[in-house]
Amino acid sequence: MGQRSKEKDLKGVIPGVLRILRNFSPYIRKQRVLIAGSFLALLLETGLRLLEPWPLKYVFDYILIPAHSNSASVATIFGLNQMVLLALSALAIVSITGIGSMAAYLSTYGMSLAVVQVLSEVRGHVFHHLQHLSLSFHQEFKSGDLITRVTADIEKMRLVTIKTALPLFTNTISLVGMSAIMFWLNWELALVAIAIFPLLTLLTSKMISRIRSFAKQHRDSEGVLAATTGETIGAIKVVQVLSLQEMLHGIFAAQNQKSLDEAIESLKLSAALERTVQVLMAIIIAAVLWRGSHVVLHKGLTPGELLVFITYLKNAFEPMRKLSNQVGQIAKATASGERVVELLEYEPNVRDLPGAQKAHPFFGAVRFENVSFGYNTGGEILKDISFVARPGQLLAVVGPSGSGKSTLLSLILRLYDPQSGRIFIDGQDIREYTIDSLRQQISVVLQDSVLFAVSVRENIAYGKLGSSDKEVENAARLANAHEFIMKLPQGYDTILGERGGTLSGGQRQRVAIARAAIRQAPIVILDESTTGLDNASERNVNAALEKLTEERTTFVISHNLKTVQNADLILYVEGGSILEQGTHSELMRLGGHYATLYRLQSIVDDTSPQGDSYAIKA
Ligand code: ADP
């Protein structure tokens, strides 16, 4: 590792940092006054830091050394009496540090404030952006990964920028200043000092790379520990049923030990590095002192100046030593930053067209015209789909699993756009409406409705933001949900568990129906809304759905053909194509796929002990 990887880090960091700055620039620009002010404070701080050892020089050169050498001709400076000079030097030490600290406080606080404000705005923007990215994007990225980008990656940037990048920036400026003064004092001695630094880096780089590799192993082991813990807790029921506790504890203990060993090794190496560096540093200072004393003896430098020189050297050393670690940190934070930027650079591929108009209240006429569609993953999922649904009609989509039924209905919502063909609502291509105004007029009830971990009331009101309590209650009544909601501990104010976990499947579904009902949308989509429910719940939910869909154009996907017999139009879909379409009696007369499936289900239903609904799997 060592040199090579460091070069790679540095090279990789700069374009990354530029890319991040470019993307964040609107937010950075907003903080420009704060940034400029902090920068001025920083310059003041650095200037004062450079001045710090100088009072000592005057005390040495003009008071102490002349006194010791009993020199008759006391050198004076600025025509000052020795005592006055001493007093001024003492005062200077206090005021330089005092003012310097104040400037350092202002610059650190100001810069940090700017950083957190920029990042907080970026985070808000990323969250907003993520919600608008198309479903195809969300299917490509794992949710855990996205969560990490919004939380941990931004946090990493915040920490590293404040704790590493800003100090590095400050130190670099003061290093430049110190080197300039060192060259000005005595270029030859400055060259000696500067030549030694690369040597030091070379000597320590091997140790640093070993520490890094242990630290990496340690981090990996921590990841393994976290994964084992996560898996065990996640499957705790199975673990307890199978009595796997001791066995899993054995595995965990071994991993824990490995992580401990690596941590110890890395601590040991770090401590050794620190001591080694201290000794090397002493050697460098000795060398400069050796050479410097010769220069002083030949009057090339005053003793006080040599003191300043050596103080600078010591001050310069600490930041230099941290440099490689800092570059590593910054490289990591840059990687985090790029992960965030990557999201921002994604454009939603389903978005409002330039001339898109807010939709008028729909009548609910829906027409597909030669629609074909495939997911990014390749392969055509829907082929040349055409059909017409008139306002208020019930349209059923049936067919084997995986034939493309859900995909077909998701196109009406513009969750995806077709690759070819067009979809019309009330005679206008749906891409000519704004997405929000289109989706607001469509209610959807899915098979496994997701409820949020907020109150029942809010869950229902999410269907139409800003709705009144009365509207919520009416929607709940329509969904046959009012009664059971009133029996919950806090009625409508009961907070639901994660993913609505505190309700039964049928109850969740009825809350979801209430959420759909509150929209009073002219178009309703039911995607296997009753699959997986027991008979009693299914009847309850069906009754609610009937009320929900009354006089609205309704699309329903169902595996139970009996429930869709009354549909005005049935589409039989297989392999992404509509093989048959018509009413139940028309399709039965046709005697094709639909009729076969229907008869098959009837036989199964008749011989089944429960004899109710069945899911036909392809
Ligand atoms: P159905 O509703 O009839 O069961 P779907 O519309 O869910 O069928 O799926 C149709 C086909 O599209 C299936 O082969 C499925 O694997 C595929 N598919 C569904 N969703 C996606 C997706 N987000 N990305 C890629 N392929 C998908």
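Scroll up for the structure.
Residues numbered from 1 in each chain as written. Predicted model: local features only at pLDDT ≥ 70, side-chain atom pairs only at ≥ 80, totals over all residues. Heavy atoms only, no water.

Enquirer: Lay out the nonpolar core in plain terms, naming residues and giving numbers.
Expert: Membership of the largest hydrophobic core comes to 43 residues, with the highest contact counts inside it found for Ile460, Ile485, Ile513, Leu548 and Tyr594. If one sorts the elements of this core by residue count, helix α16 (residues 505-517) sits on top with five residues. When sequence neighbours within four positions are dropped, the list of residues in contact with Tyr594 reads Val398, Leu561, Ile570, Tyr572, Glu580, His584, Leu587 and Met588. Grouped together as the second largest cluster of nonpolar side chains are 36 residues, Met207, Phe309, Tyr312 and Phe317 included. (Core = buried A, V, L, I, M, F, W, Y, C linked by side-chain atoms within 4.5 Å. Buried < 20%, exposed > 50% of the residue type's maximum accessible area, 1.4 Å probe, protein only. Helix = DSSP H or I, 4+ residues; strand = E, 2+ residues; numbered from the N terminus. Contact = heavy atoms within 4.5 Å.)

Enquirer: A description of the sheet that holds strand β4 (residues 420-425) should follow, citing residues and the corresponding values.
Expert: Spatially, β2-β1-β4-β5 is the arrangement adopted by the four strands of the open sheet, whose pairing is antiparallel. Because the sheet does not close on itself, it has two edges, and the strands there are β2 (382-389) and β5 (428-429). Where β4 meets β5, two bridges bridge the pair, whose relative direction is antiparallel. In the strand pairing of β5, Ile425 is matched with Gln428. Contacts between helix α11 (residues 405-412) and the sheet are confined to β1 (366-373), β2 and β4, with β1 contributing the most and set at about 120° to the helix. (Pairing = 2+ DSSP bridges. Axes fitted to C-alpha atoms, helices over the stretch in contact; angles between N-to-C directions.)

Enquirer: Would you mind going over the site of the ligand in detail, with residue names and values included?
Expert: Close to the ligand lie 13 residues, the nearest being Gln139, Gly402, Lys405, Ser406 and Thr407. Gly404 has a polar backbone atom sitting 3.0 Å from an oxygen atom of the ligand. Contact between the ligand and Lys405: an oxygen atom at 2.9 Å from a side-chain N or O atom of the residue. Taken by itself the ligand offers 560 Å² of open surface, and the protein chains cover 65% of this. The biggest single contributor to the shell around the ligand is α11, with three residues. Its residues assigned to classes, the shell around the ligand comprises four nonpolar, eight polar and one charged. (Near = heavy atom within 4 Å. Polar contact = N/O pair within 3.5 Å; in protein donor to acceptor, adjacent residues only side chain to side chain. Areas by Shrake-Rupley, 256 points an atom, 1.4 Å probe, with all protein chains shown as cover. Nonpolar A, V, L, I, M, F, W, Y, C, P; charged D, E, K, R; others polar.)

Enquirer: Go over the sheet that holds strand β7 (residues 523-527) with me, naming the residues and quoting the values.
Expert: As summarised here, the arrangement of the six strands in space is β6-β7-β8-β3-β9-β10, forming an open sheet in which the pairing is mixed. Two strands in the sheet have a free side with no partner beyond their single neighbour: β6 (442-445) and β10 (577-582). Between one strand axis and the next, the sheet turns through 15° on average, direction left out of account. Summarising the sheet, strand β3 (residues 394-398) and strand β8 (residues 553-557) pair through four bridges and their orientation is parallel. Opposite Leu394, over in β8, you have Thr554 as the bridge partner. Set on the sheet, helix α17 (residues 535-549) makes contact with β6, β7 and β8; between it and β7 the angle comes to about 155°.

Enquirer: Go over empty space enclosed by the protein, please, and point to the residues and values.
Expert: Across all of its chains, the model carries one cavity of 30 Å³ or more by this definition. Taken as a whole, the largest cavity encloses approximately 40 Å³ of empty space. (1 Å grid on protein atoms, 1.4 Å probe; cavity = no way out; pocket = protein on both sides within 12 Å on 5 of 7 lines; lining within 4 Å. Points joined across faces, edges and corners; volume = space filled by probe spheres on them.)

Enquirer: Can you tell me about the pairing of β3, naming the residues and giving the values?
Expert: With four of five residues buried, β3 is to be regarded as a mostly interior element. Relative to strand β9 (residues 569-574), β3 runs parallel, the two being bridged by four bridges. Bridged to Ala396 within β9 is Ile570.

Enquirer: Please set out the layout of surface pockets residue by residue, giving values where relevant.
Expert: There is about 880 Å³ of room inside the second largest pocket. Lining the second largest pocket are 26 residues, with Val17, Leu21, Thr161, Ala165 and Leu166 positioned closest to its centre. No other element matches the eight residues that helix α1 (residues 2-30) contributes to the lining of the second largest pocket. Grouping the amino acids of the lining of the second largest pocket by side-chain chemistry returns 24 nonpolar, two polar and no charged.

Enquirer: Go over helix α2 (residues 32-51) with me, naming the residues and quoting the values.
Expert: Its 20 residues place the ends of α2 29 Å apart at the C-alpha level, agreeing with the 28 Å of an ideal helix rising 1.5 Å per residue. Among the residues making up α2, those that are buried are Ser38, Ala41, Leu42, Glu45, Thr46, Leu48 and Leu50. (Expected span 1.5 Å × (residues − 1).)

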